[in-house]
Each structure stands twice: as structure tokens, then as C-alpha cells.
There are 2 protein chains.
Amino acid sequence: MARWQPGAAQRLVVAAVDLFTEQGYDATTVAQIAERAGVTKSTFFRHFSDKRELLVAGQETLSRLLAEGVAEAPADASPLEAVAAGLERASGAMGPANRELGPRLKAAVAASTELQERDALKSVGLAAAMTTALVAREVPEPTAHLAAEMGVLAFKQGYARWSEGGDRDDEEPLAPYALAALEDLRAATASLG
Amino acid sequence: MARWQPGAAQRLVVAAVDLFTEQGYDATTVAQIAERAGVTKSTFFRHFSDKRELLVAGQETLSRLLAEGVAEAPADASPLEAVAAGLERASGAMGPANRELGPRLKAAVAASTELQERDALKSVGLAAAMTTALVAREVPEPTAHLAAEMGVLAFKQGYARWSEGGDRDDEEPLAPYALAALEDLRAATASLG
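Model, not experiment: these values are computed from the prediction.

## Regarding the interface of chain A and chain B
In step 1: At the interface, 28 residues of chain A touch 28 residues of chain B.
In step 2: Between chain A and chain B, the buried area comes to about 2500 Å², and carbon and sulfur atoms account for 69% of it.
In step 3: Considering only the side of chain A, the residues that lose the most area to chain B are Glu-117, Leu-146 and Leu-192 of chain A, jointly responsible for 28% of the buried surface there.
In step 4: One can count 2 salt bridges joining chain A with chain B.
In step 5: Its salt-bridge partner being Arg-118 of chain B, residue Glu-117 of chain A comes within 3.1 Å of it at the nearest N-O pair.
In step 6: Scanning the region where chain A abuts chain B turns up 8 residue pairs in polar contact (both at pLDDT 80 or more).

## Overview of helix H1 (residues 8-23) of chain B
Residue and element names in this part refer to chain B.
In step 1: If you check H1, its first and last C-alpha atoms are 22 Å apart, about what 16 residues at 1.5 Å a residue would give, namely 22 Å.
In step 2: Among the residues of H1, those classed as buried are Ala-8, Ala-9, Leu-12, Val-13, Ala-15, Ala-16, Val-17, Asp-18, Leu-19 and Phe-20.
In step 3: Of the surrounding elements, those touching the buried residues of H1 are helix H2 (30-37), helix H3 (41-47), helix H4 (51-71), helix H6 (96-110) and helix H7 (113-136).
In step 4: Positive backbone phi, approximately 95°, marks Gly-24, located one or two places after H1.

## Focus: the relation of the copies chain A and chain B
In step 1: The operation relating chain A to chain B is a screw motion whose rotation component is 180°, with 0.0 Å of axial translation and a residual RMSD of 0.0 Å. Classification of the inter-copy transformation places it as that of a two-fold axis.
In step 2: Looking at the interface residues of chain A, 100% of them are also at the interface in chain B, so both copies use one shared face.

## Remarks on the packing of aromatic side chains
In step 1: In this structure the tally under the stated criterion is 8 aromatic pairs over all chains.
In step 2: Relative to Phe-45 of chain B, the ring of Phe-44 of chain B lies with its centre 5.2 Å away and its plane at 80°, an arrangement referred to as edge-to-face.
In step 3: Judged by relative accessible area, which is 0%, Phe-44 of chain B ranks as buried.
In step 4: Within the aromatic cluster, the residues linked to one another by ring pairs are Phe-44, Phe-45 and Phe-48 of chain A.

## A closer look at the environment of Ser-63 of chain B
Residue and element names in this part refer to chain B.
In step 1: For Ser-63, the position within the fold is in helix H4.
In step 2: Judged by its relative accessible area of 14%, Ser-63 is buried.
In step 3: The sequence separation of Ser-63 and Leu-105 amounts to 42 residues, and the corresponding C-alpha distance is 19 Å.
In step 4: Not counting residues up to four positions away in its chain, the partners in contact with Ser-63 are Gly-125, Leu-126 and Ala-129.

## Digging into the pattern of salt bridges
In step 1: Scanning all chains against the criterion turns up 20 salt bridges over all chains.
In step 2: Across the salt bridge formed by Glu-172 of chain A and Arg-99 of chain A, the nearest N and O atoms sit 3.0 Å from each other. In this pair, Glu-172 of chain A is assigned in the loop between helix H8 (141-164) and helix H9 (175-188) and Arg-99 of chain A in helix H6 (residues 96-110), connecting sequence segments 73 residues apart.
In step 3: Given a relative accessible area of 1%, Arg-99 of chain A falls into the buried group.
In step 4: A salt bridge links Asp-18 of chain B to Arg-104 of chain B; the nearest nitrogen and oxygen atoms lie 2.5 Å apart. Placement of Asp-18 of chain B in helix H1 and of Arg-104 of chain B in helix H6 is noted, with a sequence separation of 86 residues between them.
In step 5: The class for Asp-18 of chain B is buried, based on a relative accessible area of 19%.
In step 6: Owing to a relative accessible area of 27%, Arg-104 of chain B belongs among the partly exposed residues under this scheme.
In step 7: Taken together, the shared-partner salt bridges in this structure form one network comprising Arg-64, Glu-68, Glu-72 and Arg-89 of chain A.

## Brief notes about the packing of H6 of chain A against H8 of chain A
Residue and element names in this part refer to chain A.
In step 1: Between H6 and H8, the shortest axis-to-axis distance is 8 Å and the interhelical angle comes to 105°. Put simply, H6 runs roughly perpendicular to H8. Contact with H6, carried on its side by Asn-98, Arg-99, Leu-101, Gly-102, Pro-103 and Lys-106, involves Tyr-159, Trp-162, Ser-163 and Glu-164 of H8 and no other residues of that element.
In step 2: Residues belonging to the contact of H6 with H8 are distributed by class as follows: 4 nonpolar, 3 polar and 3 charged.

## What to know about the environment of Arg-161 of chain B
Residue and element names in this part refer to chain B.
In step 1: Tracing the sequence through the fold places Arg-161 in helix H8 (residues 141-164).
In step 2: Judged by relative accessible area, Arg-161 falls into the partly exposed class, the value being 44%.
In step 3: Expressed as a C-alpha distance, the spacing of Arg-161 and Ala-181, which sit 20 residues apart in the sequence, is 9.4 Å.
In step 4: With residues up to four places along the chain from it excluded, the contact list for Arg-161 reads Tyr-177, Ala-181 and Asp-184.

## Some words on the packing of H6 of chain B against H7 of chain B
Residue and element names in this part refer to chain B.
In step 1: One way to put it is that H6 packs onto H7 with a least axis distance of 6 Å and a crossing angle of 120°. Facing Ala-108, Val-109 and Ala-110 of H6, the residues of H7 in contact are Leu-115, Gln-116 and Asp-119.
In step 2: Taken together, the residues that form the contact of H6 with H7 break down as 4 nonpolar, 1 polar and 1 charged.

## Looking at the domain arrangement of chain A
All names here are of chain A.
In step 1: Taken as a whole, chain A is organised into domain 1 (8-54) and domain 2 (58-190).
In step 2: Inter-centroid distance (C-alpha atoms) of domain 1 to domain 2 is 26 Å.
In step 3: In this assembly, 10 residues from domain 1 lie in contact with 9 residues from domain 2.
In step 4: Buried surface at the junction of domain 1 and domain 2, summed over both partners, amounts to about 920 Å²; 63% is from carbon and sulfur atoms.
In step 5: When the area that domain 1 buries against domain 2 is broken down by residue, the three leading residues are Val-17, Thr-21 and Tyr-25, summing to 43%.
In step 6: Summed over the shared surface of domain 1 and domain 2, the result is 1 salt bridge.

How each quantity is defined
Residues numbered from 1 in each chain as written. Chains lettered and ligands numbered in written order. Predicted model: local features only at pLDDT ≥ 70, side-chain atom pairs only at ≥ 80, totals over all residues. Heavy atoms only, no water. Contact = heavy atoms within 4.5 Å. Buried area = accessible area lost by both parts, 1.4 Å probe. Salt bridge = Lys/Arg side-chain N within 4 Å of Asp/Glu carboxyl O. Polar contact = N/O pair within 3.5 Å; in protein donor to acceptor, adjacent residues only side chain to side chain. Helix = DSSP H or I, 4+ residues; strand = E, 2+ residues; numbered from the N terminus. Expected span 1.5 Å × (residues − 1). Buried < 20%, exposed > 50% of the residue type's maximum accessible area, 1.4 Å probe, protein only. Least-squares fit on C-alpha atoms with pLDDT ≥ 70 in both. Phe/Tyr/Trp six-rings, centres within 6.5 Å; stacked < 30°, edge-to-face > 60°. Axes fitted to C-alpha atoms, helices over the stretch in contact; angles between N-to-C directions. Parallel < 35°, antiparallel > 145°, perpendicular 65-115°, else oblique. Nonpolar A, V, L, I, M, F, W, Y, C, P; charged D, E, K, R; others polar. Domains from an automatic or database assignment.

See the structure below:
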């Protein structure tokens, strides 16, 4: 994609999320998104098939990285250690631009049932990717489901805290936030009763 | 609702789910749903505001029952015991008609991204209802989130097994299936590592 216009995809995502927040998902057109991002409509369509696709674009990458991290964890890693490896791998792909996007995306999702549904399905997809990768490591099904759900919760909580931080160093990575959230959940298993 | 036409709401749900499966969610109209259910369009609109609402109708009841069960569990109940009380309360509202609907609903959801998104948001809503009820019992946040997610997983798995059962006794309740799934998940916490 970079051979057409470096950074255009990222600018389109930011423009779209802001427009969704300002005027709603339904009322936002591809033409408006392209204009806000300072690109042509044909540039939009080189990157995304429609405004919906713009929101799922990152999901496949994230699912793949989570699954790869789980798959490539050492053979003797426990289920949660494998999940932690998945979180580290996926976190590595999230840079300052993703951090900047967090609060905007949260506002857009809060304002739109359609985006809430889209966001909820995204979580289901991430959990399914990790469950499959854990089952491939011969983790029994209930443990795999549980560990994967904990991984998704930890990724979401870690991302929220990372991107909401006020006085922040842009070089700070997401991984420690996600791993701390996973550790909180692991510790919580002792008090479930 | 029963003063207009007993069972109409249930017939409308079954008709809608079958039509969604046969021809897709987008292509299905309120008029077609009403015709298949053998009622008029105005009867449809006495029960539901649109075809989307038809799918969320049960969700608020389910969320309320889960939260009530959690809230009314004995003061000394552990987080998972409170979740189990929520599952028992909600399961009590699911009868033979809900069991019959399970495989049809599964087919409809498998066929439609829009229904998958709707279904995913429903799970998020159920988890949020239980999390809130657990936090009100002074369960710390990570434990409350985790216990609530386990409750939703258990409810979904229990419902799937209950409604997929081949040689089934229509009087058999959902609760034992949901509680067995929760117990599987509780046991799985010991092998997370």
C-alpha cells in the first residue's frame, strides 16, 4: 500500500473515527472520510473496500499475531504463558498511532450501536483465534476457552490503560500494560471460589 | 402482550429466525415474518418495533435475571457461587420453545455477519450485567470481570448442549447444563499455569 501514499491508511482511519464520533456512523460517507484525510476517494478504495472494512482492517492482523505468539511459545509454556506470548506479539504491532487512536475510537464506539456490535464481534474473533491456537497446543477445550477469554480481556484493558494515560512517553510500549492486566486476571482466579 | 394473541411473540421469533436462515437477514421483511407466523403486520408491531428489536427482546430479560440471581445469592457465596445462582435464575426462564429455537438460531447466526455482530454484543451485555451485580457485592473488579465472562461462556455452552441434544426429554431444564459448563470452567482454572 505504501507505494501509493505513505500513511494514507492511518490518516483515513483517524478521519473516519473522528467523523463517526461527530456525526454518527450511518451519516458518514466515504467521500467525507477521504476529504478529511486529505486524499481522493480512489485512494480510499485502494486501501479499503468500504467504510465498514476500514474498521476490520486491523482485526485480521491482530488475530494472526495473537495466534502466532501462542503457537510459537515454548513447548513447556503453560496455557497462560502461551497467551502472554500472544499478547506480546500483538502488542509489538501497536505503535504511537494506535495509542493516539484509542480515546477517539472509544468515543466513536460509545456513540454507535453499530460500532459496538462490530467491536463485540472483533473480541469474539480474537478469542476464537487464540482458542484455536491453544487447542492446537493440546490444551483441553475449557482451559483453552478460558485462557483465550482472559487474553482478550487483558488486551482490551491493557490497551485502554495504555491509550488513556495522560502524561505519556510516546515510546512506551503496550506490552507491559497488557501483561499486567493478564497477571491481575490470573491472580483473580484464586478468589473465584 | 398475551391479551392480543397468546404465543404470537414466540411464533414471530421462530418465523423470523427461519426466514433469516433461508434468505438472509437483510432480505427478510416484517411483512414476510408476520405472514410466516400467521399474524398481521400490526400484531408484529404490537410486540416488536422492528426486525432487529425481535432479536434483542430476550436479552434484557436474560440480563435482568442473571443480575438478580447474582444479587440475591447468599451473602457468603463466592463470586462463582453467585454466578451459578445467576445462571440458575436465567435458566429457569428458558423452556421447550427456547430449546427448540437453539439449532435454528445457530444456523441463522452462522449465515449472517449482522446477526453475528448482534449476538456478540448480546454476550457483552450479559457479561456487563453480571459484572455490575458482582461489583455491587464488593467483588474486586478483575475477579468480577473474570467470573462474569465465565458465566457467559457457561450459559452459551450449556444452552448449546441443551438445545443440540438429540434424544431429548422436553421437560429437561437448562440449568444443569449451564452449571456443568461453569464447573468445567472452574476446574480449568487449576490448569491455566
